[in-house]
Amino acid sequence: MAERRVSVSRGLSVLSAAGLLLAAGCSAGIREIYKQPQETRLEAVRDRLAPITSEPDAHYWVRVCEPSKQNVGLAVLFQRHIYIAQPIAELPDDKMLTALVAHGIAHHRLHHLGQRSGVLTLQNVVFKVGGNFVPGLGYGKYATEPLSEVAMGSWQEMAADAKTVEYLKEFGYTGKEWLDALVYLQEHGYAERVSQLVMRGNDFTGRIAKLKKETQ
Ligand SMILES: [Zn+2]
């Protein structure tokens, strides 16, 4: 019994370590351009959107980032951070920026980042604790992590897309602005990153088709 207690507590320290790793690694690959001139414009867009979200006083960090190796156009990261790649932030189209910021807020309001890390850390603990009793079981997490995160990512995107359209309509737009923004990302080879999951190209196809049906 004593041995079991030690193993469980070891598992819990793995939980804390995994949480820390996720928090520390979440912005890896995204480089903020400090005080980039378009930042003020993004903040103005955010402030205009705030009253129509369910938590208008929540603060979101909207920032401009360098186009990364993965060519991320929109990144939604922990602690209410939303990054938009410099070439997109410099487009004159306010509707595009509003749609992108609204989508970032939608992911945060729907608690998508916490849900993902929760699933990953739970898996780590289950397999690590299990691994102490059954040698080899600890490796299970490597097999299940990518699948679970991708599966979770796709239903989260559908929910975030719907929420974005809802926000844009409340804002006085048609909602089609989000469809246009997704099409733009796809046509220009940009990716969307939420936490550690990066989606691009064909990942957008199903979402675009669904949005076309709903908004046209
Ligand atoms: Zn998204």
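Quick caveat: nothing in here was measured; it's all calculated off a predicted structure.

Basis of the calculations
- Residues numbered from 1 in each chain as written.
- Predicted model: local features only at pLDDT ≥ 70, side-chain atom pairs only at ≥ 80, totals over all residues.
- Helix = DSSP H or I, 4+ residues; strand = E, 2+ residues; numbered from the N terminus.
- Buried ≥ 20, exposed ≤ 12 C-beta atoms within 10 Å, placed from the backbone.
- Contact = placed C-beta atoms within 7 Å.
- Pairing = 2+ DSSP bridges.
- Axes fitted to C-alpha atoms, helices over the stretch in contact; angles between N-to-C directions.
- Expected span 1.5 Å × (residues − 1).

Colleague: Is there a simple way to think about the overall build of the chain in this case?
Modeller: Within the chain, the regular secondary structure consists of 8 helices and 5 strands. Listed N to C, the secondary structure of the chain is α-α-β-β-β-α-α-α-α-α-β-β-α in terms of helices and strands. For the chain, with 216 residues in total, the buried portion stands at 33%. Considering only contacts within the chain whose residues lie at least 6 apart along the sequence, 71% involve residues at least 24 apart.

Colleague: Quick question: what am I supposed to make of the pairing of strand 5 (residues 197-200) here?
Modeller: A regular strand places its side chains on the two faces of the sheet in alternate fashion. Sheet topology places strand 4 (residues 191-194) next to strand 5; 4 bridges connect them, and they run antiparallel. Residue V194 lies in a different strand from strand 5, and its bridge partner there is L197. Hairpin geometry of strand 4 and strand 5 is characterised by an intervening segment of 2 residues between the two adjacent antiparallel strands and by a positive phi of about 55° at S195.

Colleague: Could you clarify how one ought to interpret the pairing of strand 3 (residues 81-85) in this entry?
Modeller: Strand 3 sits mainly inside the fold: 5 of its 5 residues count as buried. Side-chain alternation along strand 3 places H81, Y83 and A85 on one buried face and I82 and I84 on a second face that is also buried. Across 5 bridges, strand 1 (residues 61-65) lies against strand 3 in parallel orientation. Directly across from W61, in strand 3, lies its bridge partner H81. With antiparallel pairing between neighbouring strands as the criterion, strand 2 (residues 72-77) and strand 3 make up a hairpin whose turn holds 3 residues, including Q79 at a positive phi of roughly 60°.

Colleague: What exactly am I supposed to notice about the environment of K169 here?
Modeller: Within the secondary structure, K169 is located in helix 6 (residues 140-171). The sequence separation of K169 and I52 amounts to 117 residues, and the corresponding C-alpha distance is 9.8 Å.

Colleague: What's the story with the sheet that holds strand 5 in this structure? I'm lost.
Modeller: Across a sheet, strands are paired by hydrogen bonds formed along the backbone, either parallel or antiparallel in direction. Overall, mixed pairing links the 5 strands, which are arranged 1-3-2-4-5 in an open sheet. Looking at the sheet topology across the chains shown, the edges are occupied by strand 1 and strand 5. Neighbour-to-neighbour, the strand axes of the sheet open up by a mean angle of 15°, direction not taken into account. Pairing geometry for strand 2 and strand 4, over 4 bridges, is parallel. Along strand 4, the bridge assignment pairs A75 with R193. Sheet contacts for helix 2 (residues 39-49): strand 1 and strand 3; angle to strand 1, the most-contacted strand, approximately 145°.

Colleague: So what exactly am I meant to see when it comes to helix 4 (residues 94-109) here?
Modeller: Helical periodicity: at 3.6 residues per turn, an α-helix aligns residues three or four positions apart in one direction. For helix 4, which comprises 16 residues, the first-to-last C-alpha distance of 22 Å matches the rise-based estimate of 22 Å (1.5 Å per residue) to within 8%. Buried residues dominate helix 4, accounting for 12 of its 16 residues. Two residues or fewer after helix 4 comes H111, characterised by a positive phi angle close to 55°.

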